[in-house]
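What follows is each chain in one-letter form.
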2 protein chains.
Amino acid sequence: MRAFENNIRKVEPYVPGEQPQNKVIKLNTNENPYPPSPKVTEALAKMDTDRFRLYPDPTCGPLVEALAEFYHVDRDQVFVGVGSDDVLSMCFLTFFNSKKPILFPDITYSFYKVWAELYRIPYECQRLDGNFRIVKEDYYKENGGIIFPNPNAPTAVYEELDFVEDIIRANPDVIVIVDEAYIDFAGRSALELIDKYENLIVVQTFSKARSMAGMRIGYAISNPVLIKYLNDAKYSFNSYTMNQAALVCGTEAVKDREYFEEGIRKIIETREWAKDRLARIGFICLDSSANFIFAMHPDYDAKELFEEMKANGIYVRYWGSERIEQYMRITIGTREEMEELFRFLEKYMGVK
Amino acid sequence: MRAFENNIRKVEPYVPGEQPQNKVIKLNTNENPYPPSPKVTEALAKMDTDRFRLYPDPTCGPLVEALAEFYHVDRDQVFVGVGSDDVLSMCFLTFFNSKKPILFPDITYSFYKVWAELYRIPYECQRLDGNFRIVKEDYYKENGGIIFPNPNAPTAVYEELDFVEDIIRANPDVIVIVDEAYIDFAGRSALELIDKYENLIVVQTFSKARSMAGMRIGYAISNPVLIKYLNDAKYSFNSYTMNQAALVCGTEAVKDREYFEEGIRKIIETREWAKDRLARIGFICLDSSANFIFAMHPDYDAKELFEEMKANGIYVRYWGSERIEQYMRITIGTREEMEELFRFLEKYMGVK
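Values in this document were obtained by computation on a predicted structure and should not be read as measured data.

For the rest of this paragraph, the subject is the overall build of chain A. A tally of helices and strands in chain A yields 10 helices and 12 strands. Relative to the compact-globule value of 20 Å for 352 residues, chain A shows a C-alpha radius of gyration of 21 Å, a close match. Evaluated residue by residue, chain A yields a buried proportion of 50% over its 352 residues. Long-range pairs, those at least 24 residues apart, make up 72% of the contacts in chain A between residues at least 6 apart in sequence.

Moving on, we get to the packing of helix α3 (residues 83-95) of chain A against helix α6 (residues 224-237) of chain A. Residues and elements named next belong to chain A. Where α3 contacts α6, the two axes come as close as 10 Å, and the packing angle between them is 100°. If you check the angle between α3 and α6, you find them roughly perpendicular. Residues M90, C91, L93 and T94 of α3 pack against Y229, L230, A233 and K234 of α6. Class assignment for the residues of the contact of α3 with α6 results in 6 nonpolar, 1 polar and 1 charged.

In this structure, P172 of chain A sits in the loop between α5 (161-169) and β6 (176-179). Residues P172 of chain A and V87 of chain A, spaced 85 residues apart in sequence, show a C-alpha to C-alpha distance of 22 Å.

To continue, consider the interface of chain B and chain A. In this assembly, 73 residues from chain B lie in contact with 73 residues from chain A. For the side of chain B that touches chain A, the secondary structure elements donating two or more residues are α1 (38-45), α3 (83-95), α4 (111-118), α6 (224-237) and α7 (244-255) of chain B. Residue contributions to the side of chain B that touches chain A peak at 7 residues, all from α3 of chain B.

Residues and elements named next belong to chain A. Compared with an ideal rise of 1.5 Å per residue, which puts 14 residues at 20 Å, helix α10 (residues 335-348) spans 20 Å between its outermost C-alpha atoms and is within 8% of the ideal. What α10 keeps buried is the set M338, L341 and L345. Down the axis of α10, the smallest arc covering the buried residues is 55°, so these residues share one side. Set apart from the buried face of α10 by more than 90 degrees, the exposed residues are E336, R343 and K347. Where α10 is buried, its residues meet β1 (25-26), α8 (257-280) and β11 (314-315). One or two residues past the end of α10 sits G350, with phi positive at roughly 70°.

This part is about unusual backbone geometry. In this chain, N150 of chain A is followed by P151 of chain A through a cis amide linkage whose omega measures -5°. With respect to the helices and strands, the residue P151 of chain A is situated in the loop between β5 (146-149) and α5. The omega torsion of the bond from A153 of chain B to P154 of chain B falls at 0°, within 30 degrees of zero and hence cis. Positive phi is not limited to glycine here, since F132 of chain A has a value of about 60°. Its location among the elements puts F132 of chain A in the loop between β4 (123-126) and β5. Not every positive phi belongs to a glycine, and N30 of chain B is a case in point at roughly 55°.

All names here are of chain A. Domain annotation of chain A identifies domain 1 (17-36 + 258-348) and domain 2 (38-255). Each of domain 1 and domain 2 has a C-alpha centre, and the two are 25 Å apart. Between domain 1 and domain 2, the residue contacts involve 23 residues of the former and 21 residues of the latter. Contributions of two or more residues to the side of domain 1 that touches domain 2 are made by α8 and β10 (292-296). The greatest single-element share of the side of domain 1 that touches domain 2, amounting to 5 residues, is contributed by α8. Residue composition of the side of domain 1 that touches domain 2, grouped by class: 13 nonpolar, 6 polar and 4 charged.

In this section: the sheet that holds β10 of chain A. Residues and elements named next belong to chain A. Overall, antiparallel pairing links the 3 strands, which are arranged β9-β10-β12 in an open sheet. Both edges of this open sheet fall to β9 (284-285) and β12 (328-331), since each of them pairs with a single strand only. With 2 bridges joining them, β9 and β10 adopt antiparallel strand pairing. Bridged to I284 within β10 is M296. Contacting β9 and β10, α8 runs over the sheet at an angle of about 10° to β10.

Now for the confidence of the model for chain A. Looking at chain A, the pLDDT average stands at 95 and 97% of residues meet or exceed 70. Scored as a complex, the prediction yields pTM 0.95 and ipTM 0.94.

To continue, consider the relation of the copies chain B and chain A. Mapping chain B onto chain A is achieved by rotating through 180° and translating by 0.0 Å along the same axis, at an RMSD of 0.0 Å. What the rotation and shift describe, once combined, is the action of a two-fold rotation axis. When C-alpha positions in chain B are compared against the rotation axis, the closest is assigned to A45 of chain B, at 2.2 Å. A high fraction, 100%, of the interface residues of chain B reappear at the interface in chain A, so the copies pair face to face through one surface.

With that settled, the discussion passes to helix α2 (residues 61-71) of chain A. Residue and element names in this part refer to chain A. For α2, the complete set of buried residues consists of L63, V64 and L67. Down the axis of α2, the buried set is contained in an arc of 100°. They therefore lie on one face. The secondary structure elements touched by the buried residues of α2 are β2 (78-81), β8 (218-221) and α7 (244-255). Following α2 by one or two positions, H72 has its phi on the positive side, about 55°.

Definitions and limits used
Each residue is numbered by its place in its chain's sequence as written, counting from 1. In the order they appear in the text, chains get letters beginning with A and ligands get numbers beginning with 1. Where local features are concerned, this predicted model is filtered to residues with pLDDT of at least 70; where side-chain atom pairs are given and counted, the filter is 80 or more; whole-chain, interface and lining totals use all residues. Strands are runs of DSSP state E lasting at least two residues, helices are runs of H or I lasting at least four, and both sets are numbered from the N terminus onward. The reference for a compact globule is 2.2 Å times residues^0.38; the radius of gyration itself is calculated from the C-alpha atoms. In this scheme every C-beta is placed from the backbone, and a residue whose C-beta has 20 or more other C-beta atoms within 10 Å is buried, one with 12 or fewer is exposed, and one in between is partly exposed. Throughout, a pair of residues is in contact if the C-beta atoms placed from their backbones lie within 7 Å. Angular values range over 0 to 180 degrees, each being the angle between N-to-C directions of two axes fitted as lines to C-alpha atoms, with helices fitted over their stretch in contact. In what follows, roughly perpendicular refers to angles from 65 to 115 degrees, roughly parallel to angles under 35, roughly antiparallel to angles over 145, and oblique to any angle outside these ranges. Charged means Asp, Glu, Lys or Arg here, nonpolar means Ala, Val, Leu, Ile, Met, Phe, Trp, Tyr, Cys or Pro, and polar covers whatever is left, Gly included. Here the expected span of a helix is defined as 1.5 Å times the quantity of residues minus one. To be clear, the arc concerns the directions from the helix axis to the C-beta atoms. Segmentation of the chain into domains, including their bounds, is taken from an automatic or database domain assignment. Criterion used throughout: strands pair if DSSP finds at least two bridges between them. As a per-residue quantity, pLDDT reports the predictor's confidence and falls between 0 and 100. Least squares is the method for superposing the copies, and the C-alpha atoms it fits come from residues with pLDDT of at least 70 in both.

Shown next, in the form of structure tokens:
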């Protein structure tokens, strides 16, 4: 081995999520089955590519303004980044600098642990209860910060705003981040509490309800003080992250509220129908409030079923990790895609 | 002060580079005065926005392939990121994990210091000589890694390939990164040495010669072993960074070699003419091999001149930091923009 190998940061080689090439039913990465707003296509077609020669606006002006208007907050309450992964990572770096451990659920978004390790932030996972619910009292102890998704992933379980507020209120001395990637399919957002709690940051994304996973746009909303810290950190490390196409397309997407709401309505409708269909063939689904369902079948091994589905061109997500070995996560596709899923499942299970 | 303020990472608030709104001659951020390849505009006009609903290809397949073909290397020798800032930052994180200090010039790209501090990497700046040249012997001592730009910034000074090779050869036990943001305007690239030295990484960008600062694309080329470490690190922290528009536009831009070469030719021509004009009115220019000139005038205070130019709508870059208080950096614009610059300078200096 070469000497320089000793000083290379070696990480667990990660295999990116499957991007099947042939025609499949892709219900494995919680993408939106519908295209983004037609306003995005229009904006691209008339984009001034001469502008590409210049660095993009580091303040992301028009996009920040559109989001501020949409969510009825001020411009200095909005921070945007390259997908909510970038925003969350920047939040970890900026706000979690205590020697006390930050707290997050044991079953949750897998990147929290990765960023904590990357930035050498001590952390302590809090166990979800037997029904895969967050136990709020676990977050009342001394800590260096708190983060949890609502709805949680991959469980899809949503906690009511009162519950979320209890955690925020119990932790005035640390920053509490509510990761709301899936909130548009669920219920009330913690955004309602932004003016009430100065330790609260809400993070959302364009990848789910806004159908723009491919454009990598996420954002945080908080009070101007915390947003300024985030911007200071971002500017000091890498000022220009959001490219011109993302800025323009993102702005147009936010302005089209009607299309956004209609897309959400369709997905919720399909989800509720799909939950019912799954229950009828014996699946047990956690109470799903996202654009996916976390489900298990008492009579069928999840891993075997997952493999069989894959072999038949239906991709869902399976982890096989502790406590969730028998669960799979099924993204809500179009009604037609879900019909295909049920045709397969009913045939596999011999349901008439 | 709130308790949570204690655990917030506070950084020197950075003011992003000026993005003047009104019509000015913008020679302050080393952007390309010409638009990107027309193939980029064509690609955008026919882009399939339905694809935006899906996560982008985390391997950046077509863009990596286009770059590999352009530079006559294999696909597994290319890593791409969100501008060369992202690529360089990822290199620091991945390769500079020694307890010994990394080495870079005292006058150089300002972000090296920022990333070293961010990732808690010890570093030691090596003083450029009186003519603002790198002293290669300074890089022969024990160290934890080496990085320098060639041409250097903001001096624009290019070192010949033999010189670069001497530094690489003297450091077989550490990673040497040659940051070639401006190489296309200069001379031979260290890419010629990739197969010869397994400790070498060359980083380049789309922001300068390819006129795409607004799209945020950079890349590293090295051997497959080091590129794999970079990809492993990237995938483990944030798998999806390059958005769909950047992937498509970047690929098209790389394929248009003729446009790329013609653009470089024009800028070099304007630069050589501008150096001559500057010399004629008494400026002293470092030997410039980039798309900018680093210059000072013995009879005029640089700060005053800078302010006066700005007041007249001509933006250049001025730092006022140690050793370069009397220098300003002038980006090469179009011939017409440079004519405007000289009209102002000649008037200011009372040259007939």
